[in-house]
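# Chain and residue survey
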Amino acid sequence: MAATTYERLKLHITTEKFYVEACDDGVDDVLIIDRVSTEVTLSVKKDIPPSAVTRTIFGILGTIHLVAGNYLIVITKKIKIGEFFNHVIWKATDFDILSYKKTMLHLTDIQLQDNKTFLAMINHVLSVDGFYFSTTYDLTHTLQRLSNTSPEFQEMSLLERADQRFVWNGHLLRELSAQPEVHRFALPVLHGFITMHSCSINGKYFDWILISRRSCFRAGVRYYVRGIDSEGHAANFVETEQIVHYNGSKASFVQTRGSIPVFWSQRPNLKYKPRPQINKVANHMDGFQRHFDSQLIIYGKQVILNLVNQKGSEKPLEQAFATMVSSLGNGMIRYIAFDFHKECKNMRWDRLSILLDRVAEMQDELSYFLVDSTGKVVTNQEGVFRSNCMDCLDRTNVIQSLLARRSLQAQLQRLGVLHVGQKLEEQDEFEKIYKNAWADNANACAKQYAGTGALKTDFTRTGKRTQLGLVKDGWNSLIRYYKNNFSDGFRQDAIDLFLGNYSVDELESHSPLSVPRDLKFLALPIIMVVAFSMCIICLLMAGDTWTETLAYVLFWGVASVGTFFIILYNGKDFVDAPRLVQKEKID
């Protein structure tokens with residue numbers, strides 16, 4: 001079986017069946033989905049009824065079972081990101097969710113409401129930018145992994161051979177994956193970020209590509225998914241690969257990021273930065289060892305760059321990480337702690353060179369992957385930098401962009417694009433492309449995990465910290481605060497539903513969505529807002545005397561401040577918490 005999926009598809013809909021027609025040249029295949037029995041079969045074009053309603057689609061994302069029954073999710077819009085190695089890369093930009101059922105009359109009012117909520121969750125996940133696919137290329141593997149494969153692997157379908165860590169619709173494709181004969185209709189979709197640029201330095205043209213692959217294991221949102229799970233999967237794990245293609249030669253440099261791999265949590269409680277809590281009873285070494293066993297198998301040597309603060313609430317996590325590495329005693333794992341905020345305070349971001357100089361020899365030792373135009377492997381990357389801060393977003397992306405530039409400098413010199421002694425930083429046109437791409441990567445990863453664009457992107461884009469950048473960071477921090485406290489429970493539920501961590505059972509006697517909110521969830525915040533608003537109004541509309549005005553201001557001011565402290569004292573009662581997955585699964 002060729003490692004491709006059908007590129008051109010038409011969906012024909014009747015009251016009883018969905019017919020997905022492959023329109024590629026010389027193909028007669030039709031995928032038939034029975035809307036009543038849910039059976040999936042392979043047929044031919046002559047079986048499509050003339051009465052069917054027809055539309056063009058660009059891929060099958062999969063199927064999901066909700067309260068009303070099964071739904072088919074299809075890609076209805078896409079945009080071309082670019083091409084490399086003669087393969088077209090697409091971003092899916094719009095989707096449609098089609099019910100198998102022709103009517104909802106079989107549902108009660110409560111079931112209808114639950115089904116509506118579940119649909120809203122699926123739509124929310126699909127609305128988050130960053131779903132990519134190719135019908136002819138395996139996006140889930142690095143160049144180095146793809147170079148070290150067997151002939152049998154090359155003949156597998158894209159779904160079979162894909163790295164399941166990065167197939168975000170793996171759960172949705174479970175029915176199709178069970179039937180190898182229909183795999184060419186099964187399209188693995190990546191979530192993360194991809195950008196591609198045709199560049200020129202010294203009159204030599206090359207393609208430069210940046211790919212971030214977001215893991216679907218232990219996926220979720222910022223404060224509800226931290227640390228690792230019992231299988232060793234780290235929260236917010238992202239594999240980022242930088243690729244250069246010049247005159248048939250291909251080079252890549254891979255880095256990873258992921259939450260500090262111990263059992264810890266940081267549940268929102270209305271405080272700006274909730275205090276991280278390290279689990280006191282969990283077997284940290286078991287999860288820690290599982291995590292690095294898999295990392296060593298996949299990537300080789302590990303150089304850990306821990307960028308968290310070495311004082312305050314982040315200090316215990318830094319100490320725990322250092323202790324675990326020391327206790328494991330594996331010579332393949334090296335640990336470096338670098339207090340990013342301390343070293344770069346007062347906007348002294350030039351001091352990041354301290355870290356780069358410290359790891360330069362290690363980076364040279366890890367090397368990068370390079371294959372020449374004949375297909376011969378010249379060098380392999382012997383390991384990766386595994387970077388983290390608290391969120392593995394802002395600080396992490398800055399450091400990754402600097403390490404990637406240093407690797408790119410060496411690659412372009414070796415390929416003959418850069419002359420001896422030339423610096424990449426001196427190539428103004430390329431530097432602009434490079435910095436903006438890494439800043440866009442930061443924004444994509446941040447929106448997918450924290451709900452807003454990244455912080456510190458002014459440095460990534462311009463190479464220096466600016467006052468305007470600080471203001472933008474303040475605004476993004478405010479938006480993050482609101483989303484993390486008042487909408488992330490829904491976002492976490494949506495991801496768990498999409499990835500199959502929670503399965504809907506319409507026969508369930510008690511829906512988790514039917515749990516009523518405590519009135520204080522809304523009452524006290526509303527009282528605080530009203531009180532604060534009245535305080536401002538009293539200042540703007542003075543009474544007959546200043547004494548009267550002061551009395552009003554004091555009354556409403558005390559009311560607003562008092563309410564705020566009541567909320568702050570027991571803030572966890574007022575945040576939007578997940579309702580679908582049991583607490584121990586996301587702690």
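Residues numbered from 1 in each chain as written. Predicted model: local features only at pLDDT ≥ 70, side-chain atom pairs only at ≥ 80, totals over all residues. Heavy atoms only, no water.

### Concerning the overall build of the chain
Put simply, the rule reads: Each helix is a run of DSSP H or I of at least 4 residues and each strand a run of E of at least 2, with the numbering of both proceeding from the N terminus. When accessible area is computed with a 1.4 Å probe and restricted to protein chains, residues below 20% of their type maximum are described as buried, those above 50% as exposed, and intermediate ones as partly exposed. Accessibility throughout is a Shrake-Rupley quantity obtained with a 1.4 Å probe, and a residue counts as covered only by protein chains that appear here.
On a plain count of helices and strands, the chain comes out with 17 helices and 20 strands. Across the 587 residues that make up the chain, the buried fraction comes to 55%. Surface summary for the chain: the accessible area is close to 26,200 Å², and the carbon and sulfur share equals 55%.

### A short note on the confidence of the model for the chain
Close reading of the predicted structure is inappropriate where its pLDDT is low. What counts is decided by this rule: For every residue, the predictor states its confidence as a pLDDT score lying anywhere from 0 to 100. Contact criterion: two residues are considered in contact whenever any of their non-hydrogen atoms come within 4.5 Å of each other.
Chain-level pLDDT for the chain is 89 on average; 88% of the residues reach the 70-or-more range. Here residues 583-587 scores under 50 on pLDDT; set against residues more than four positions off or in separate chains, the count is 14 contacts.

### Let's talk about the packing of helix α6 (residues 284-299) against helix α7 (residues 315-328)
We count it as follows: To define axes, lines are fitted to C-alpha atoms, for helices over the stretch in contact only, and angles between the resulting N-to-C directions are given on a 0 to 180 degree scale. Angle categories are assigned with fixed cut-offs, so that under 35 degrees is roughly parallel, over 145 is roughly antiparallel, 65 to 115 is roughly perpendicular, and the rest are oblique. Under this grouping Gly is polar, as are all residues other than the nonpolar Ala, Val, Leu, Ile, Met, Phe, Trp, Tyr, Cys and Pro and the charged Asp, Glu, Lys and Arg.
Where α6 contacts α7, the two axes come as close as 11 Å, and the packing angle between them is 75°. By the criterion of interaxial angle, the relationship of α6 to α7 is roughly perpendicular. Counting all contacts with α6, which are made through H284, M285, F288, Q289 and F292, the residues of α7 involved are F321, M324, V325, S327 and L328. Classifying every residue of the contact of α6 with α7 by side-chain character gives 7 nonpolar, 3 polar and no charged.

### As for the UniProt feature "transmembrane region" (unreviewed entry) in the chain
For clarity, the threshold we go by: UniProt positions are given in the numbering used here, feature names are shortened, and annotations may be inferred rather than shown by experiment.
As annotated by UniProt and renumbered to match this structure, "transmembrane region" (unreviewed entry) occupies residues 52-74, 521-543 and 549-569. The straight-line gap between the two end C-alpha atoms of residues 52-74 is 17 Å; of that span, 0% is helix and 83% is strand.

### What about unusual backbone geometry?
Notably, T38 is not glycine yet its phi reads approximately 70°, a positive angle. Checked against the element boundaries, T38 lands in the loop between β3 (29-34) and β4 (40-44).

### Remarks on the sheet that holds β4
Whether parallel or antiparallel, the strands of a sheet pair through hydrogen bonds between backbone atoms. To be explicit about the condition: We treat two strands as partners when DSSP finds at least two bridges between them.
Judged by pairing direction, the sheet is antiparallel, and its 5 strands sit side by side in the order β4-β3-β2-β1-β5 without closing on themselves. Two strands lie at the open edges of the sheet, namely β4 and β5 (53-57), each paired on one side alone. The average angle at which neighbouring strand axes cross in this sheet is 25°, direction not considered. Both strand β1 (residues 9-13) and strand β2 (residues 17-22) contribute to a ladder of 5 bridges, which runs antiparallel. Looking across to β2, one finds that L9 is bridged to A22.

### Describing the nonpolar core
Operational definition: Within this scheme, the nonpolar core is defined by two criteria: the residues are buried Ala, Val, Leu, Ile, Met, Phe, Trp, Tyr or Cys, and they are joined through side-chain atoms within 4.5 Å.
Ranked by size, the top nonpolar core spans 65 residues in total, and within it F84, F206, W208, L305, L352, L412 and F430 carry the most contacts. The element contributing the most residues to this core is helix α10 (residues 394-415), with 8 residues. Counting residues in hydrophobic clusters, the runner-up holds 40 residues, among them I64, I97, V189 and L580.

### What to know about the environment of Y299
The cut-off we apply is this: In protein, a polar contact requires one atom able to donate a hydrogen and another able to accept it; more generally it is a pair of N or O atoms within 3.5 Å, and residues adjacent in sequence count only if both atoms are side-chain atoms.
Here Y299 shows up in helix α6. Contact partners of Y299, with chain neighbours within four places excluded, come to R145, R165, F166, F237, E239, V254, T256, E382, G383 and V384. Separated by 2.5 Å, the side chains of Y299 and E239 make a polar contact.

### Some thoughts on the pattern of salt bridges
To keep it simple, the criterion reads: What counts as a salt bridge is simple: a side-chain nitrogen of Lys or Arg found within 4 Å of a carboxyl oxygen of Asp or Glu.
Counted under the stated rule, the structure contains 25 salt bridges. Between K46 and D47 there is a salt bridge; the shortest N-O distance is 3.5 Å. Relative accessible area serves as the criterion here: at 70%, K46 is assigned to the exposed category. Of the charged contacts, one joins R395 and E314 as a salt bridge, the two residues approaching to 3.5 Å between their closest N and O atoms. Residue R395 is found in helix α10, and its partner E314 is found in the loop between β16 (301-306) and α7; the two are separated by 81 residues along the sequence. For R395, a relative accessible area of 6% corresponds to the buried category. The buried category is assigned to E314, whose relative accessible area is 6%. Look at the salt bridges and you will find they share partners, linking R145, D163, R165, R213, E239 and E241 into a network.

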